Structure formats: structure tokens, C-alpha cells
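Now for the letters of each chain:
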Amino acid sequence: MAGGRCVDIEPAISTLIRRDAEAVLHTLLAEEPALLIEGPRGSGKSTIIRQIAQTRSAHVIDLDDDGVASVVREDPEFALAQDGLVVIDEFQRAPAVLSAIKRAVDARPSPGRFLLAGSVSASLLPTGSETLTGRVHRLVLPPLGAGELLRAPTRLIPALLAGNAVPATRSKLTRADYFQLVAAGGYPAALRRSGSAARRRWFASYLASVAERDIPQLADVRHPGVLPRLYRLVAEQTSDIIARSTIAQRLGLSTTTTAAYLDLLRHVHLLRELPSWTIGVSSKVGRRPKMHVVDTGLAVASLGFDGRRLAGSALAGGFLESYVLAEVAQQAGLIDEPVNLAHFRDRSGIEVDLLLERSDGSVIGIEVKSATSVNQTDGKGLRFLRDRLGDRFAMGLVLYTGQLSARLGDRVWATPVSALWGGSGFAESGGTDAPA
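These remarks concern the structure in this document. As the structure is a computational prediction, the values presented were derived from the model and not from experiment. (Residues numbered from 1 in each chain as written. Predicted model: local features only at pLDDT ≥ 70, side-chain atom pairs only at ≥ 80, totals over all residues. Heavy atoms only, no water.)

1. Some remarks on the sheet that holds strand 12 (residues 406–409)
- Ordered by their spatial adjacency, six strands build an open sheet running 8-9-10-11-13-12, and the pairing between neighbours is mixed. The open sheet terminates on both sides in strands that have one partner only, identified here as strand 8 (339–345) and strand 12. Across this sheet, the average inter-strand angle for adjacent strands is 25 degrees, counted without regard to direction.
- For strand 8 and strand 9 (residues 351–358), the ladder comprises six bridges, and the chain directions are antiparallel. Looking across to strand 9, one finds that Leu 341 is bridged to Leu 356.
- Its contacts with the sheet put helix 17 (residues 380–389) on strand 8, strand 9, strand 10 (363–368), strand 11 (393–400), strand 12 and strand 13 (412–416), and the angle it makes with strand 11 is roughly 180 degrees. (Pairing = 2+ DSSP bridges. Helix = DSSP H or I, 4+ residues; strand = E, 2+ residues; numbered from the N terminus. Axes fitted to C-alpha atoms, helices over the stretch in contact; angles between N-to-C directions. Contact = heavy atoms within 4.5 Å.)

Take a look at the structure:
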């Protein structure tokens, strides 16, 4: 670290952190009859829905309680027949509530009737989310983002999508700080543990619980012990295009079984596939998705790393890219507009780590670099897209671990990663390399 001190995570979670999604949920409840929040177990869904329930005097049905779940499975319609808002936690433990909510909304589609939260994608359930198509608004609540954890006042992606210019940023974080944040991740229960060893123990218990308890309740898994191993293999290659046949060979499983297990890990929100963007800018474009871990803290711990070791390893760039994707995806989910996320890579080696495409076809490109300095070469992929997309190319950003913003050309900027949340942090920054 070139001066300063490492960011201290623990004071950030000593008091309740307000989630960015809370205001969005209140707005949607005034407009939609049913909201469905999905996200990994332990990401904070129960906390946020209980906060909302308290402000609205809602009726709460906690299906994580075996006794409650048993009663609701017997007669979901009766359980839902309440005045005002009905809040249902861990809805996947009684999938019949989805059909019951469909019938209730069809009969009376007034806003603010149901708020559901679950740790599994509803599409995995026997009575899947297709029963609620057109009747429910879905929102993903990931673990805490950096902007939330650091209580930063601004978010870059909504500002850019609103037409604001790229702000000049002087970051307060050093490269070492960033990798402490990457290694800490965003699970509130892990962040409340004091020290990296205690967090690693929590992460190990969490991964085992999801693999051995949660997933087998929802799908026929003949080799549950393989799931943590599979997750670690993906973690080693996060932000890359992964050959499933190679992973299958390392696990001693068929490619079909491996693909099914990868899908299960995606359905419980531990992995994310980032599709390839293929809108005719290159005849050599690749079409395979990248695989990313959803929470870098869980992935770092699964490999036995800490922030210092990760920062000095060959995995640093991939993990930082996954961390940035998680923050961007969370911020993009705050706006009332569909935004498609993808990556670009062609067979000649030109690539862009992350693209945000709006419904009008305009594109924001993002490259992620773990270095503390940047140069013109780092914007090569962004300039390639700019030259081919013309006016559709809104801007390109090279996010890096240095401290200053700089222009790299027409509509292409370099800016610190922490510009995503206004540059704020706990560290007093020293003098790292300025952009070249």
C-alpha cells in the first residue's frame, strides 16, 4: 500500500444499514399488487421486509419456521386472506403460495397487497414464477454493496443513466483497501464477525448449509458434497468464460450433471452468468457467457485467501471485475428502466468487461483494471465499440485502483473504482500513481 491505512469494515456494520432498495420497494408497493424479492440466503431480505412490514403494520408469514410453513402448505388461501399488506418470507418453502397469490391478485389487483422474499429463484420451484407473470414485480436483493457499506451519499450508475457527466473523482481508497472490500464481501452476518478468520468460518458454514440443506430441499442432488467444490472451481475462474467440460473432468462428473449443478448454484444466487453481447459490431464476436461469483467475500474465503493475499495473486483482476459487476448490477436495479448487462469479446482479442445497454440501444462500456495506473491501451476495447457504434456509444469507463480521474479520448474516461459510490471510504489516501 502506498501510504494511508487499510479500510476498517467493522464500524460500518455496528448499526443498521439502510438498503438502497428500501425506497424503491416503498415506491413499487404504491403501484404494484405484488412484489417478489429474490437473493442469496443471508443477503438482508428478511431485515428489509420486516422494516417495511413495521412501517405498514403488515401481516408477516415467516415460512422459515417449520410449523408456520406446514400450516400454510395445507391452506395457502386462508393464510393469505388478510387485510392490508401480507409479507411472506422464504416463499420457496411453500411454493403453493405463488398460485394462491395469482388468484388473489386476479380477483383484486389493487397495489400493495403482497411482498414476498425468497432465497431461491422462483423459476426453480414446482409452481414457478410463470404463474405470476404480469402480476408481480421482481427485484433481486444482493448482499450489501460498497456504496451501502460505506454509507456513501451518491451512486454513479443511476446518475450516468440520468444523463449526468462522468464526475471528476479523487478516491480516498488505496489498492489495498479495495481488496479488503473484495475479501469482506457483503453478507451482513459475516461482516459482523471480528477479523478475517471468524469471517472465513462463517463463510464455510454458510456454503455447506446451502449445499447440504437448502438445495437438496428443492432439487434431486445426488452429490451434494460436490457443490462446494464446484463453487470453488468457479471462484478460481470468476469473470472468465468457463469450459464446463473441464470442470466436469476435474469433478469426475458428466458434463450434463455439472451443467445442472451450475444452474442450481445460479438459482440460489451464488453464481451469475453474464451473457455475451452480439449486436453486429464484429463478425468474430464470441457468444459464450462469463461466469461471476455473486459475492466476492464468500468466494475469497472458499479459496482460503484474505484481502492481502488476493491483491498479490493472479486472481486479483478477476475478483475485482466480479466486485464491480455486483455493484453496477445493484445500482442499475434502482432505476425504473430495464438495463441489459453483458460482456463483449471477439476472437481477435478485443474485449470489454461490462456493457450496460438501455432500451433505446445506447451503451455504456466498463473496463476494470486492478492496477493503480492506466494508459491508452486500457481503453482499446472501449474505443473499438465507440468507433463502431457511433452515437449509440454513450460513454466508456476504465475503472482502476488509482486515485484520480482522467480523459482517455472522446467519450472514454479513466476513473477510480470508488467513483461508483462517489469516491468515499474510510481510508486516508496516500500518493498512489496518477493516471498516465
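2. Here's the deal with the side chain of Ser 239
- You can see Ser 239 is positioned in the loop between helix 11 (226–236) and helix 12 (244–251).
- A polar contact is formed between the side chain of Ser 239 and the backbone oxygen of Gly 318, at a distance of 3.4 Å. (Polar contact = N/O pair within 3.5 Å; in protein donor to acceptor, adjacent residues only side chain to side chain.)

3. Observations concerning the nonpolar core
- If you look at the biggest cluster of nonpolar residues, it comprises 85 residues, and the most contacted ones within it are Tyr 231, Leu 270, Leu 356, Ile 366, Leu 420 and Trp 421.
- It is helix 16 (residues 316–332) that contributes the most residues to this core, nine residues altogether.
- Residues Ile 61, Ile 88, Val 105 and Ala 122 belong to the second largest nonpolar core, which totals 22 residues. (Core = buried A, V, L, I, M, F, W, Y, C linked by side-chain atoms within 4.5 Å. Buried < 20%, exposed > 50% of the residue type's maximum accessible area, 1.4 Å probe, protein only.)

4. Some remarks on the packing of helix 10 (residues 196–218) against helix 11
- Two elements in contact, helix 10 and helix 11, have axes whose closest approach is 8 Å; the angle formed by their N-to-C orientations is 130 degrees. Accordingly, the angle class assigned to the pair helix 10 and helix 11 is oblique. You can see that helix 10 and helix 11 cross each other, and the crossing is right-handed. Taken together, the residues of helix 11 that come into contact with helix 10 (itself represented by Leu 207, Ala 211 and Ile 215) are Leu 227, Pro 228 and Tyr 231.
- Residue composition of the contact of helix 10 with helix 11, grouped by class: six nonpolar, no polar and no charged. (Parallel < 35°, antiparallel > 145°, perpendicular 65-115°, else oblique. Left-handed = near helix turned anticlockwise from the far one by under 90°. Nonpolar A, V, L, I, M, F, W, Y, C, P; charged D, E, K, R; others polar.)

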